[in-house]
Amino acid sequence: MSKVTDPNVTPVLIVENLALRFKGAPANIIDGISFAVCPGETLCIVGESGCGKSVTALSLMGLLPRSVAQVMSGTAMFGDRDLLELSQRAMADLRGNTISMIFQEPMTSLNPSYRIGDQIAEVVLRHKHVTRAEARQRALQMLDRVKIPAASSRLDDYPHELSGGMRQRVMIAMALANDPAVLIADEPTTALDVTIQAQIIDLVEELQKETGTALVMITHDLGVVAEIADRVCVMYAGHMVEDGPVASIFDDPQHPYTIGLMSSVPSVGPRSGRLATIGGMVPAIDQMPSGCRFTPRCPFAQANCEISTPPLDELGPSHRAACHYAPLETMFPETVLQEAGS
Amino acid sequence: MRLPTRDRIIETRSATKRFASSKGLFGRSVSVGAVNEVSLDIRRGETFSIVGESGCGKSTLARLLVRLLPASEGAVLYEGNDISSLSEPEMRRLRKDLQFVFQDPFSSLNPRMTVGALIEEPMKVHTSLSRKERRLKVADLLKKVGLRAAFANRYPHEFSGGQRQRIGIARALASGPKVIVGDEPVSALDVSVQAQVINLLEDLKAEFDLTLILIAHDLAVIRHMSDRIAVMYLGEIVELAPNDPLYDKPLHPYTQALMRAIPIASPHGRSMDVSLTGDVPSPLAPPSGCRFHPRCPHATSLCGTEKPALTDVANARMVACHHWEKIAENSQGSVREPPRSENAEKRFALFREISQRQEPVTAATETQIKLSERSHNNA
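Residues numbered from 1 in each chain as written. Chains lettered and ligands numbered in written order. Predicted model: local features only at pLDDT ≥ 70, side-chain atom pairs only at ≥ 80, totals over all residues. Heavy atoms only, no water.

**A short note on the overall build of chain B**
The following threshold applies: Here a helix means four or more residues in a row that DSSP labels H or I, a strand means two or more in a row labelled E, and each is numbered from the N terminus. Three exposure classes are used, based on accessible area relative to the maximum for each residue type with a 1.4 Å probe and protein chains only: buried under 20%, partly exposed in between, and exposed over 50%. We call two residues contacting when some pair of their heavy atoms lies within 4.5 Å. Here the Shrake-Rupley method, with its probe set to 1.4 Å, supplies the accessible areas, and only the displayed protein chains count as covering residues.
Looking only at helices and strands, chain B features 13 helices and 12 strands. A total of 379 residues make up chain B; the buried ones form 54% of that total. Summarising the internal contacts of chain B: among those between residues at least 6 apart in sequence, 65% fall at separations of at least 24. Carbon and sulfur atoms make up 50% of the accessible area of chain B, which amounts to about 16,500 Å² in all.

Next up, the structure:
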């Protein structure tokens, strides 16, 4: 199912052991981030606010100034180039061209004082040797592809004249105008209503099928993950705690954080008692525990969790989790017995 | 089907809210109907939820129910008395019973007041408690919402979003209300914190015999918490039903579309369906007849001309659709979550078991205390 496990497909983006630290911060904001995406594949990075998922995306796009966020280790190979090593100028040539990004809030990421047609055309003009007329033609074509009704009459609209869903379509049109190899989407549907979210997700999947773009989707919504992902990477407090194929993550969750997160989401099915909760909250950067960062909130935590950071261990086919005590039922068997007996 | 009078705590009769909206340079004034002729009964002690997409008027309706906004037309009754015509001082006395929890825990607490003063304020207005009694009650309320009594001396900015929402809830409880309206009370919170606040609201509802009115757009949260649910579209209620029947067999085509659009948290249930195209029309110029007809796959010419009334159908359900019987026959909207795998079930149970054994509330609070104390000392 997943393309990474298929040796014939080469990943288009390979991130390895990425660690980043904000200037003056006592700990790395993200640490040990490794993942790969293949053409046509969708990788979801999931986690709660402050887990570092957006910082990861921004650093790959070269949108974090190096003076602020220092790369402590790692590589991000895009073809034969390391995105983390590229100059600002080289990065600007890639951005919006072969690697592009869409953001959560389409209103603030579109320029309110330019017509949407011009904004899409600008992306094309910046990267391709085309005339203004050709770029405008491409903009029209893209608006059509993202299914904006009566696209030719919308070309000269300003962002404020469009609804939230339409604005996100424009963002997608802009991001895909140059047929990028990688599209990073940071919570693209979080600000939208469910019916509009369904439309946008459907659209993204359809376009991805046509173009073979690799999609890195950042979200906190497990429903969206289940709907769209091929592979999933779960982050907590800047660390990757688990990654694997989507079916394996949902059917065989290993890390206590993944398990806690999944069981604290209410189900749309019939009610099944109180929600499980993860106690406490995400630690601030200056209070990061050493060892496993989930230790203070983990019901299974033992003494050594505070001391040593568990490595990402392979627990199933291309399924890894960073927990000293996974799989949990073999480490805490007496509880399972009690559970079965009650 | 109407509830018996003694069971109704709040009811509305053709409640309408219009806002003036000026259009054009010279302010030709136009009014926007945010809520249009809504009639409903809320049962004492239930959790009643209002769902719908942004702009459907759910927040306006919630404000009408407790008269944070006056109705433009129609009546809103609390305990059988019309509150839409009460004077301000009379209304202020009623405020004690009708409290509100807001969505944004960051902007709904005065940053210049301590947490203790914030929670004490409603008691000053509504009760005759002495200063000392009030202080004791503040400490008690803080404990009830899972915070430490010593937090009373701190300011809102020292707390996380989840903690602030707990403070907002403690403040709402301070006057000893009978009804609490929560306008998206958990939607600004992260999933794990959201679950804590949902459980807290449920516990407090049972402990204080509250009637809970919830506004939310998250259909899973609504499913988990509600007894009855009203679905709104463009200012009107299109369907009203008890929880399980609504999710098992939605009758109105809009409800069906809404249900089908929910992403199910299971990769084996990839079913999300785009059955609803386009956006919600502008409330400035609502469509004629049934307001949903331009987006409805079942619409006929009748729908464009005649507005369907919200009518009783079987089993305490109401629906506003000319063709609901035909549509219901092949209802495709029901939400089914595929069963979880054995491994997942086993580990969820294990997680629940072990975290409960550690007394979840105290464990959570202890961590918060430790963290807050550290940040407090650093500050």
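**Focus: the overall build of chain A**
This is how the line gets drawn: Throughout, the radius of gyration refers to the C-alpha atoms, and the reference size of a globule is 2.2 Å times the residue count to the power 0.38. Counted as positive: Lys and Arg. Counted as negative: Asp and Glu, with His and the chain ends omitted from the count. Charge placement uses NZ in Lys and CZ in Arg. For Asp and Glu, CG and CD serve respectively.
Across its full length, chain A holds 14 helices and 12 strands. Over its C-alpha trace chain A gives a radius of gyration of 21 Å, about what one expects of a compact globule, namely 20 Å for 342 residues. By principal-axis analysis of the C-alpha atoms, chain A measures approximately 70 × 50 × 40 Å. A total accessible area of about 13,400 Å² is found for chain A, and carbon and sulfur atoms account for 54% of it. Each charge class in chain A can be summarised by its mean position, and for the 26 positive and 39 negative side chains these summaries are 8 Å apart.

**So, the packing of helix H5 (residues 132-145) of chain A against helix H7 (residues 164-176) of chain A**
Helix-helix packing is described using two parameters, namely the angle between the two axes and the distance between the axes. All names here are of chain A. The criterion, for reference: Axis definition: a line fit to C-alpha positions, over the contact stretch in the case of helices; interaxial angles, taken between N-to-C directions, run 0 to 180 degrees. Roughly parallel means an angle under 35 degrees; roughly antiparallel means over 145; roughly perpendicular covers 65 to 115; every other angle is labelled oblique. Handedness of each helix crossing follows the sense of rotation of the near helix against the far helix: counterclockwise by less than a right angle gives left-handed, clockwise gives right-handed.
As a packed pair, H5 and H7 sit with axes 9 Å apart at the nearest point and diverge in direction by 130 degrees. As the angle between them shows, H5 and H7 are arranged oblique. Of the two elements, H5 crosses H7, and the hand of that crossing is right-handed. Contacts between H5 and H7 involve Arg 138, Met 142 and Leu 143 on the former and, on the latter, Val 170, Ala 173 and Leu 176.

**Overview of the sheet that holds strand E10 (residues 236-242) of chain B**
Within a sheet, neighbouring strands are paired by backbone hydrogen bonds and run either parallel or antiparallel to one another. Residue and element names in this part refer to chain B. Selection rule: Strand pairing is defined by DSSP finding a minimum of two bridges between the two strands.
Spatial strand order, E6-E7-E8-E3-E9-E10-E12-E11: eight strands in an open sheet with mixed pairing. Each end of this open sheet is capped by a strand with a single partner; those strands are strand E6 (98-101) and strand E11 (311-313). Between one strand and the next, the sheet's axes are offset by a mean angle of 20 degrees, whatever the strand orientation. Bridging between strand E3 (residues 47-51) and strand E9 (residues 228-233) involves four bridges; their strand directions are parallel. Following the sheet pairing, Val 51 is matched in E9 by Val 231. Relative to E6, helix H5 (residues 161-173) is tilted by about 175 degrees, and along the sheet it contacts E6 and strand E7 (179-183).

**Some words on the pattern of salt bridges**
Two side chains bearing opposite charge may form a pair once their charged atoms approach each other closely. Put simply, the test is: Just to be clear on terms, a salt bridge is a Lys or Arg side-chain nitrogen sitting within 4 Å of an Asp or Glu carboxyl oxygen.
All chains considered together, the criterion is met by 35 salt bridges over all chains. Lys 53 of chain A is paired through a salt bridge with Glu 187 of chain A; the nearest N and O atoms lie 3.7 Å apart. Taken together, the residues span a long stretch of sequence, with Lys 53 of chain A in helix H1 (residues 53-60) and Glu 187 of chain A in the loop between strand E7 (182-186) and helix H8 (194-211) at a distance of 134 residues. On the accessibility criterion, Glu 187 of chain A (7% relative accessible area) is buried. What emerges from the salt-bridge pattern is a single network uniting Asp 252 and Glu 329 of chain A together with Lys 346 and Arg 347 of chain B.

**Let's talk about the confidence of the model for chain B**
Residues and elements named next belong to chain B. Selection criterion: Each residue carries a pLDDT score, the predictor's confidence in it, ranging from 0 to 100.
Residues of chain B with pLDDT of at least 70 account for 90%, and the chain-wide mean is 87. Ranking the elements of chain B by mean pLDDT puts helix H13 (residues 360-378) last with 44 and E3 first with 97. A low-confidence stretch, residues 360-379 (pLDDT under 50), is modelled with 31 contacts involving residues beyond four sequence positions or located in other chains. With pTM at 0.88, the complex prediction returns an ipTM value of 0.87.

**Remarks on the side chain of Thr 211 of chain B**
Residue and element names in this part refer to chain B. Along the polypeptide, Thr 211 turns up in strand E8 (residues 211-216). Accessibility expressed as a relative area gives 1% for Thr 211, which makes it buried. Every residue in contact with Thr 211, bar those within four places of it in the chain, is listed here: Ile 9, Ile 42, Arg 43, Arg 44, Gly 45, Glu 46, Lys 178, Val 179 and Ile 180.

**Observations regarding the packing of aromatic side chains**
The condition that has to hold: Each aromatic pair joins two rings of Phe, Tyr and Trp (for Trp, the six-membered one) with centres within 6.5 Å, and gets the label stacked for planes under 30 degrees apart, edge-to-face for over 60, and tilted for any other angle.
Under the definition given, this model contains nine aromatic pairs over all chains. Measuring from ring centre to ring centre gives 5.3 Å for Tyr 257 of chain A and Phe 294 of chain A, while their planes differ by 70 degrees; the resulting arrangement is edge-to-face. Of this pair, Tyr 257 of chain A sits in helix H11 (residues 256-263) while Phe 294 of chain A sits in the loop between H11 and helix H12 (303-307); the two residues are 37 residues apart in sequence, bridging distant segments of the chain. Note on accessibility: Tyr 257 of chain A and Phe 294 of chain A belong to one class, buried. Here the aromatic rings of Phe 100 of chain B and Phe 102 of chain B are separated by 4.8 Å at their centres, their planes lie at 40 degrees, and the arrangement is tilted. With a relative accessible area of 10%, Phe 100 of chain B lands in the buried category. For Phe 102 of chain B, a relative accessible area of 33% translates into the label partly exposed. Linked through ring pairs, Tyr 236, Tyr 257 and Phe 294 of chain A together constitute an aromatic cluster.

**Section: unusual backbone geometry**
Look at the link from Ala 326 of chain A to Pro 327 of chain A: it is a cis peptide, with omega at -10 degrees. Mapped onto the elements, Pro 327 of chain A comes out in the loop between strand E12 (319-321) and helix H13 (328-331). The backbone of Glu 187 of chain A sits at a positive phi, close to 45 degrees, despite the residue not being glycine. Here the phi dihedral of Arg 67 of chain B falls at roughly 50 degrees; this positive angle occurs in a residue that is not glycine. Within the fold, Arg 67 of chain B resides in the loop between helix H1 (58-65) and strand E4 (73-78).

**What to know about the interface of chain A and chain B**
This is how it is decided: Here the buried area means the combined drop in accessible surface, using a 1.4 Å probe, for two parts upon being joined, counting both sides. Whenever a nitrogen or oxygen atom comes within 3.5 Å of another N or O atom, the pair is scored as a polar contact, on the condition that within protein one atom can donate a hydrogen and the other can accept it, and that pairs from neighbouring residues in sequence are kept only if both atoms are in side chains. Any residue that is not Ala, Val, Leu, Ile, Met, Phe, Trp, Tyr, Cys, Pro, Asp, Glu, Lys or Arg is counted as polar, Gly included; the first ten are nonpolar and the last four charged.
Between chain A and chain B, the residue contacts involve 67 residues of the former and 67 residues of the latter. Here chain A meets chain B over a buried area of about 6,100 Å², counting both sides, of which 58% is carbon and sulfur. The interface formed by chain A and chain B includes five salt bridges. Ionic pairing is found between Lys 346 of chain B and Glu 329 of chain A, a salt bridge with its closest N-O pair at 3.9 Å. On the surface where chain A and chain B come into contact, there are 21 residue pairs in polar contact (both at pLDDT 80 or more). For the side of chain A that touches chain B, the secondary structure elements donating two or more residues are H8, helix H9 (222-228), helix H10 (246-251), H11, H13 and helix H14 (333-341) of chain A. Per-element accounting of the side of chain A that touches chain B gives the leading share, eight residues, to H8 of chain A. Its residues assigned to classes, the side of chain A that touches chain B shows 34 nonpolar, 20 polar and 13 charged.

**A closer look at the pairing of strand E3 (residues 42-46) of chain A**
Residues and elements named next belong to chain A. Extensive coverage of E3 is indicated by the burial of five of its five residues. Of the two faces of E3, the one lined by Thr 42, Cys 44 and Val 46 and the one lined by Leu 43 and Ile 45 are each fully buried. The pairing of E3 with strand E8 (residues 214-219) spans five bridges and is classified as parallel. Looking at the pairing, Leu 43 lines up with Val 216 of E8. Summarising the sheet, E3 and strand E9 (residues 231-236) pair through four bridges and their orientation is parallel. Counted as the bridge partner of Val 46 is Val 234 from E9.

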